[in-house]
Amino acid sequence: MAEEKTFPMTAEGKTKLEAELEDLKLNKRPQVVERIQIARSYGDLSENSEYESAKDEQSMLESRIKTIEHMIQYAEVIDSGQTDKDEVTVGKKVTFKELPDEEPEEYTIVGSAEADPISGKISNDSPIAQALLGHRVNDEVVIQIPAGEMTVKILTVEPV
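Residues numbered from 1 in each chain as written. Predicted model: local features only at pLDDT ≥ 70, side-chain atom pairs only at ≥ 80, totals over all residues. Heavy atoms only, no water.

S.K.: Break down the side chain of Ser-126 for me, with residues and values.
M.R.: Structurally, the position occupied by Ser-126 is in the loop between β5 (121-123) and α3 (127-132). Given the relative accessible area of 18%, Ser-126 is considered buried. For Ser-126, the side chain forms a polar contact with the main-chain nitrogen of Ala-129, separated by 3.3 Å. (Helix = DSSP H or I, 4+ residues; strand = E, 2+ residues; numbered from the N terminus. Buried < 20%, exposed > 50% of the residue type's maximum accessible area, 1.4 Å probe, protein only. Polar contact = N/O pair within 3.5 Å; in protein donor to acceptor, adjacent residues only side chain to side chain.)

Dropping the structure here:
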C-alpha cells in the first residue's frame, strides 16, 4: 500500500489552513446553499443560469474543503527550532546572493500549502528551495533554473 504524501508546513501555515477551512464550512458553504435555494425558486432549472452558477461554485467550494481537510490530516508541522540554527530548512528565512555580485534576495521556505512568492514565501518543492535545503551559512550552492544554472552564496539563515 502506498504511503500518503505528507504536507510539510509551519505551525502558522497549518493555523491559516484551519481558519480557511472553518470559514469555508461555517460561512461560504451556507451562502452557496442559500444561493442554490433562491435560484431553484426561479423555476425551470434547465435554463436557470443562476442555479448553474451556484452549483458550479458549490462544486469548487466542496473540492477546496476536501483538499484542505486532506492537507491538514497529513500535515507535517516543521519546528525550525529543532535544527541547527544556520541550516536551511522549512520554516526558516534565508538570505543569499547570486555570485559574483548580485543584490541579496530573501525568502522564507515553507510547505507548498502556504507558498506565496509575492510575499517572499517559496515552496520547499521549488527549484531554489530544493537546492538550498540542508545547506548552511557561507555555503555556495548551484541552483538549476529554467534558464540554466546560477551559483549563490548563503548569507544568513534565521528562524521565522
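S.K.: Go over the pattern of salt bridges, please, and point to the residues and values.
M.R.: Side chains carrying opposite charge are able to pair once their charged atoms draw close together. Tallying each qualifying case throughout the model produces 11 salt bridges. One salt bridge connects Arg-136 with Asp-86, and the closest N-O pair in it is separated by 3.1 Å. Of this pair, Arg-136 sits in the loop between α3 and β6 (140-145) while Asp-86 is found in the loop between β2 (75-77) and β3 (92-98), placing the two residues 50 residues apart along the sequence. For Arg-136, a relative accessible area of 30% corresponds to the partly exposed category. Residues joined by salt bridges that share partners form a network here, namely Asp-84, Asp-86, Glu-87 and Arg-136. (Salt bridge = Lys/Arg side-chain N within 4 Å of Asp/Glu carboxyl O.)

S.K.: Give me the lowdown on the nonpolar core, citing residues and values where you can.
M.R.: Ranked by size, the top nonpolar core spans 17 residues in total, and within it Leu-132 and Ile-143 carry the most contacts. Non-local contacts of Ile-143, meaning those with residues more than four positions away in its chain, are made with Pro-127, Ile-128, Ala-131, Leu-132, Gly-148, Glu-149, Met-150 and Val-152. (Core = buried A, V, L, I, M, F, W, Y, C linked by side-chain atoms within 4.5 Å. Contact = heavy atoms within 4.5 Å.)

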